[in-house]
Structure formats: structure tokens, C-alpha cells
Amino acid sequence: MKKKNTKILLVDDEPDILEIVGYNLAQEGYQIVTASNGREAITKAKKELPDLIIMDVMMPEMDGMEACENIRNIPELSEVIITFLTARSEDYSQVAGFDAGADDYITKPIKPKLLVSKVKALLRRLKEASGQDSETLNVGGIEINREEYKIIKDDVEIALPRKEFELFYLLASKPGKVFKRDEILDKVWGNEVVVGGRTIDVHIRKLREKIGDDLFKTIKGVGYKFEV
């Protein structure tokens, strides 16, 4: 994925943030599109089909959480990476962000160079995922299609956001293996992306809700075995 072909949608109601962040990312060669609220973000995302969306939480008309949930329900945007960039640093706000479908949660203030580094890491994960060979797992009575990001159970497709899918695929690829948290973070989020300590727990909980405890238990305890 060449930078000049990589499109980033910045969403924030503060013009200064859009200008500063947009400038630093544009200097790296990325295409920058902006929006000033959640409702506009949805419209721009549908039109521009960005590779990455960097979005504030507290905005007028529609906040970032609601906008993220809406974007995740748009088929053509199913693979877009979404990260929040916000001054809200509370644990419950971060959990709500991941529940809404975000791939990462970055708190303000952040130095431009560090933000650029995080963006590069997020996009590198997208590049690595898109460059992987087609592979399908059949575990515990379900089919996990890595190329198409699909999970099929009893002929019914279970829709998962990218990070939840990647986490489940990793765990299901080696049933019964005890994964260390650092290993999961490295393989799913990338070792340059700093995420909260509860990130894995939040995603595991969401997977259990969507896929079911019974299914997790049939895959030799997948989702229950990982070390601190």
C-alpha cells in the first residue's frame, strides 16, 4: 500500500486539530479528507472509502461512538480501520470505544511524531492482512475465512469487526495454546500500537457474546487461555 494511495479521514469539530494532524499526515504523503462531526463523517466515509478513520468522540450533531457504530454497519466500509483520537481518557470511555467497533483508542494530547508512528503501525497491519494468502480454518464446527473476513456457523454468517476477527482467527489457529498477552497484542494490534490493558478482555467479551460460550468451549478452551 503506497502512501499516496492511502486515504485518511480525519473527524474533529476543532479546526486546529484538523489542521495540525492533517498537515503532519499529509507531510508523510497520505491523502487527507476531513469532517467536522459524526454525521458528516459517515457521508464522507461512504464517498471517499478511506483506509483509516481518525475520529474524535465528543462532537456536535452525532458523536464519534454513534458514527463508528454506523460506519461498521456499512458493507463497503467493513475493512476500514477506525481509531479514536480524543481527550476522553477514562477506562469506561475506552471500553465504550472498542464496543462501538474501534480498532484503537488514542488519547490527546499526543506529539505529532508519535501519532504518525501509530498511524503507520495501524496501516502496516492492514497491509499485512491484505497481503496474506487465502486461508480457511474449520474449527469447532465453524468455517473461518481469512481472505474474506467471514465466519460461517450452521450456514449463517457471523459479522465481526476486523480486530475481533483477527483475534478470533489467531486463537482458533492454535486451539488450546496458551497465548501471552504481549503475543496477542503484537500479532493483532502490532507492537508499535499502544492499547489499554483491558483491550484484549473487551474484545474477548464481545466475541463470546457474538459467537457464544458453547462454541468457545468446543474449541478446546479458545478465548479462555492467555497469560498476563
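Predicted model only: the values in this text are computed from it and were never measured. (Residues numbered from 1 in each chain as written. Predicted model: local features only at pLDDT ≥ 70, side-chain atom pairs only at ≥ 80, totals over all residues. Heavy atoms only, no water.)

Enquirer: Mind showing me how you'd approach the pattern of salt bridges here?
Expert: Between side chains of opposite charge, a pair can form when the charged atoms approach closely. One pass over the full model with this rule turns up 15 salt bridges. A cluster of three or more residues bridged by salt bridges with shared partners is formed by Glu79, Arg162, Lys163 and Glu166. (Salt bridge = Lys/Arg side-chain N within 4 Å of Asp/Glu carboxyl O.)

Enquirer: Sorry if this is basic, but what is going on with a negative patch on the surface here?
Expert: Together, Asp13, Glu14, Asp16 and Glu19 make up a negatively charged patch on the protein surface. Structurally, the position occupied by Asp13 is in the loop between β1 (7-11) and α1 (15-27). (Patch = residues over 30% accessible without salt bridge, like charges linked within 9 Å, V, L, I, M, F, W, Y side chains within 5 Å. Areas by Shrake-Rupley, 256 points an atom, 1.4 Å probe, with all protein chains shown as cover. Lys, Arg positive; Asp, Glu negative; His and termini not counted. Charge placed at Lys NZ, Arg CZ, Asp CG, Glu CD. Helix = DSSP H or I, 4+ residues; strand = E, 2+ residues; numbered from the N terminus.)

Enquirer: Mind showing me how you'd approach the pairing of strand β6 (residues 136-139) here?
Expert: Within a regular strand, side chains alternate between the sheet's two faces. Burial along β6 is one-sided: Leu137 and Val139 are buried, and none of Thr136 and Asn138, which face the opposite way, are. Of the strand pairs in this sheet, β6 and strand β7 (residues 142-145) are connected by four bridges, and their pairing is antiparallel. Residue pairing in the sheet places Leu137 in a bridge with Ile144 of β7. (Buried < 20%, exposed > 50% of the residue type's maximum accessible area, 1.4 Å probe, protein only. Pairing = 2+ DSSP bridges.)

Enquirer: Just to check I follow, could you spell out the UniProt feature "modified residue: 4-aspartylphosphate" (unreviewed entry) in the protein chain for this structure?
Expert: UniProt feature "modified residue: 4-aspartylphosphate" (unreviewed entry): in the numbering of this structure it lies at Asp56. Residue placement: Asp56 occurs in the loop between β3 (52-55) and α3 (64-72). Assessed through its relative accessible area of 5%, Asp56 is described here as buried. With near-sequence residues (within four places) excluded, Asp56 lies in contact with Val11, Asp12, Asp13, Gly64, Phe84, Leu85, Thr86 and Lys108. (UniProt positions renumbered as here; feature names shortened; annotations may be inferred. Contact = heavy atoms within 4.5 Å.)

Enquirer: Is there a simple way to explain the pairing of β7 in this structure?
Expert: Pairing between β7 and strand β8 (residues 150-153): four bridges, direction antiparallel. In the strand pairing of β8, Glu143 is matched with Ile152. What sits between the antiparallel neighbours β7 and β8 is a turn of four residues, in which Tyr149 has the positive phi angle 55 degrees.

Enquirer: Got a minute to help me understand helix α8 (residues 199-211) in this structure?
Expert: Across its 13 residues, α8 extends 18 Å between first and last C-alpha, which sits within 8% of the 18 Å expected from 1.5 Å per residue. A positive phi of about 100 degrees marks Gly212, the residue just after α8. (Expected span 1.5 Å × (residues − 1).)

Enquirer: Would you explain the nonpolar core in this entry?
Expert: For soluble globular proteins, nonpolar side chains are generally found buried alongside one another. If you look at the biggest cluster of nonpolar residues, it comprises 27 residues, and the most contacted ones within it are Leu9, Val11, Ile53, Met55, Ile71, Ile82 and Phe84. Elements that contribute at least two residues to this core include exactly β1, β2 (31-35), α2 (38-48), β3, α3, β4 (81-86) and α4 (91-99). Among the elements that take part in this core, α3 stands out by supplying four residues, more than any other. Ranked by size, the runner-up nonpolar core spans 23 residues in total, among them Ile144, Ile151, Ala172 and Ile200. (Core = buried A, V, L, I, M, F, W, Y, C linked by side-chain atoms within 4.5 Å.)

Enquirer: What should I look at first to understand the sheet that holds strand β9 (residues 156-158) in this one?
Expert: Either a parallel or an antiparallel arrangement is found when strands of a sheet pair, and the pairing is made through backbone hydrogen bonds. Strand order in the open sheet formed by four strands is β6-β7-β8-β9, and the pairing between neighbours is antiparallel. In this open sheet, the two strands that pair with only one neighbour each are β6 and β9. Averaged over all neighbouring strand pairs, the angle between strand axes comes to 25 degrees, with direction disregarded. Sitting on the sheet, helix α6 (residues 162-173) touches β6, β7 and β8, and the angle it makes with β7 is about 120 degrees. (Axes fitted to C-alpha atoms, helices over the stretch in contact; angles between N-to-C directions.)

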